[in-house]
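Structure at a glance
Spelled out from the first residue to the last, the chains are:
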Amino acid sequence: LDSDRSKARALYTYVGSNIEYDDAKAGRILNNDFSTGSGAIEAFRSKKGICFDYASLYVAMCIASDLKVRMVTGEGYNGVGWISHAWNEVYLEDEDRWIQVDTTFYKGGNYFNSDKFNLDHRNEQIIGQW
C-alpha cells in the first residue's frame, strides 16, 4: 500500500466487509437501552455493530496506520427515511485533502469518496479528529 488513498481504501474495505450491522442493538439504542458495549474493540471482537461502532473501528485502524481521521455524525438516508448516523473523513496527506468514508453503507454501494455521498448524508458535524 503505497499511498494514503490505498491505505484508507483497504481499511474501508476491511471494516465494511467484515462487520455486520446489528439491528437488535440499533433497536435497543433507540429505546435508550445502552447495556451493549460499543466502540472499536467491541466491533472488532464481535464482528458486528451499529454505525458508531463501524466509525470507531475505522478511526482506530486509521490511527494505527498513521492516517489522520475524523468521526462525523449527522443523518443518513436508509432507503425509508433520515436517521441519526455516524461516518468518517480521512485525510490523504499525499493529496492534501479530506475525503468522506462510510463503512456502514459499504455493502450498499461505493461510499469511499463517492460523488453520491451527499445525496444520502446530511447535517454533518465533526465530533472528533485524530
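This text goes with the structure placed above it.
In this report, we go over the structure that sits alongside the text. These numbers come from a predicted model, not from an experiment.

1. Considerations on the pairing of strand S3 (residues 69-77)
One ladder, built from nine bridges, connects S3 with strand S4 (residues 82-92); its direction is antiparallel. Its bridge partner being in S4, Met71 is matched across the sheet by Asn88. If you look at the hairpin formed by S3 and S4, you'll find four residues sitting between the two strands, and Gly79 has a positive phi there, around 100°. Looking at chain direction, S3 and strand S6 (residues 121-129) are connected through six bridges and run antiparallel. Along S6, the bridge assignment pairs Gly76 with His121.

2. Looking at the nonpolar core
The nonpolar side chains of a soluble globular protein tend to be buried with one another. The biggest cluster of nonpolar side chains holds 29 residues, and the ones touching the most others in it are Ala8, Val15, Leu57, Tyr58, Cys62, Val90 and Val101. Those elements that provide at least two residues to this core are helix H1 (4-18), helix H3 (40-46), helix H4 (51-64), S3, S4 and strand S5 (97-101). A per-element tally of this core places H4 first, with eight residues. In contact with Val90, other than residues within four places in its own chain, are Ala8, Tyr58, Cys62, Leu67, Lys68, Val69, Arg97, Trp98, Ile99 and Val101.

3. Some details on the environment of Ala86
On the secondary structure map, Ala86 appears in strand S4. The exposure class of Ala86 is buried, given its relative accessible area of 5%. Sequence separation of Ala86 and Asn110 is 24 residues, and the distance between their C-alpha atoms is 16 Å. The residues touching Ala86, leaving out its near neighbours within four places in the chain, are Cys51, Phe52, Ala55, Met71, Val72, Thr73, Asp102 and Thr104.

Cut-offs used in this document
- Residues numbered from 1 in each chain as written.
- Predicted model: local features only at pLDDT ≥ 70, side-chain atom pairs only at ≥ 80, totals over all residues.
- Heavy atoms only, no water.
- Pairing = 2+ DSSP bridges.
- Helix = DSSP H or I, 4+ residues; strand = E, 2+ residues; numbered from the N terminus.
- Core = buried A, V, L, I, M, F, W, Y, C linked by side-chain atoms within 4.5 Å.
- Buried < 20%, exposed > 50% of the residue type's maximum accessible area, 1.4 Å probe, protein only.
- Contact = heavy atoms within 4.5 Å.

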